[in-house]
Amino acid sequence: VQLVESGGGLVQPGGSLRLSCAASGFTFSSYAMSWYRQAPGKARELVAAISSAGHSTNYADSVKGRFTISRDNVKNTVYLQMNSLKPEDTALYYCSAIVTLVRYWGQGTQVTVSS
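Residues numbered from 1 in each chain as written. Predicted model: local features only at pLDDT ≥ 70, side-chain atom pairs only at ≥ 80, totals over all residues. Heavy atoms only, no water.

A. Structural context of the sheet that holds strand 3 (residues 17-24). Reading across the sheet, the four strands line up as 1-3-8-7 and stay open at both edges, with antiparallel pairing between neighbours. The two strands at the open ends of the sheet, each matched to only one other strand, are strand 1 (2-6) and strand 7 (67-72). Across the sheet, the axes of successive neighbouring strands diverge by a mean angle of 15 degrees, strand direction being ignored. (Pairing = 2+ DSSP bridges. Helix = DSSP H or I, 4+ residues; strand = E, 2+ residues; numbered from the N terminus. Axes fitted to C-alpha atoms, helices over the stretch in contact; angles between N-to-C directions.)

B. How the structure looks around the nonpolar core. Formed by 29 residues in total, the largest nonpolar core has its most connected members in Met33, Trp35, Val78, Leu80, Met82 and Tyr93. Within the residue set of this core, elements represented by two or more residues are strand 3, strand 4 (33-38), strand 5 (45-50), strand 7, strand 8 (77-82), strand 9 (91-99) and strand 11 (109-113). With five residues, the top contributor of residues to this core is strand 9. (Core = buried A, V, L, I, M, F, W, Y, C linked by side-chain atoms within 4.5 Å. Buried < 20%, exposed > 50% of the residue type's maximum accessible area, 1.4 Å probe, protein only.)

C. Expanded view of the pattern of salt bridges. For the coordinates displayed, the defined rule picks out four salt bridges. Between Arg37 and Glu45 there is a salt bridge, with the nearest N and O atoms lying 2.7 Å from each other. Owing to a relative accessible area of 6%, Arg37 belongs among the buried residues under this scheme. With relative accessibility at 32%, the residue Glu45 sits in the partly exposed group. The residue Asp61 makes a salt bridge to Lys64 at a minimum N-O spacing of 3.1 Å. The exposed category is assigned to Asp61, whose relative accessible area is 64%. Each of Arg37, Glu45, Arg66 and Asp89 takes part in one network of salt bridges that share partners. (Salt bridge = Lys/Arg side-chain N within 4 Å of Asp/Glu carboxyl O.)

Here it is, written out as structure tokens:
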């Protein structure tokens, strides 16, 4: 299993970013996917999750209405569209999946929201 995130960067408050996570090594369309984040000195937290077919999603209260998780089961990629970014969204963002009872993580992509 390999998960590779991309799309992070430095953005001003109110701006947008789209994160991508390219998955390989497992049957992507059969598994739910999720995005987590970890800010310095804080615990890793779930940001958003999506079911295997993409019909069901859930979000942390802190990002509801601003972030959208989606997936492309042809491209084996999951996305996180982040709008109206706030400084408190600054964190290392990770893609994750549980495959055959083992949780896998990507290497993370840094998102920094600052003026």
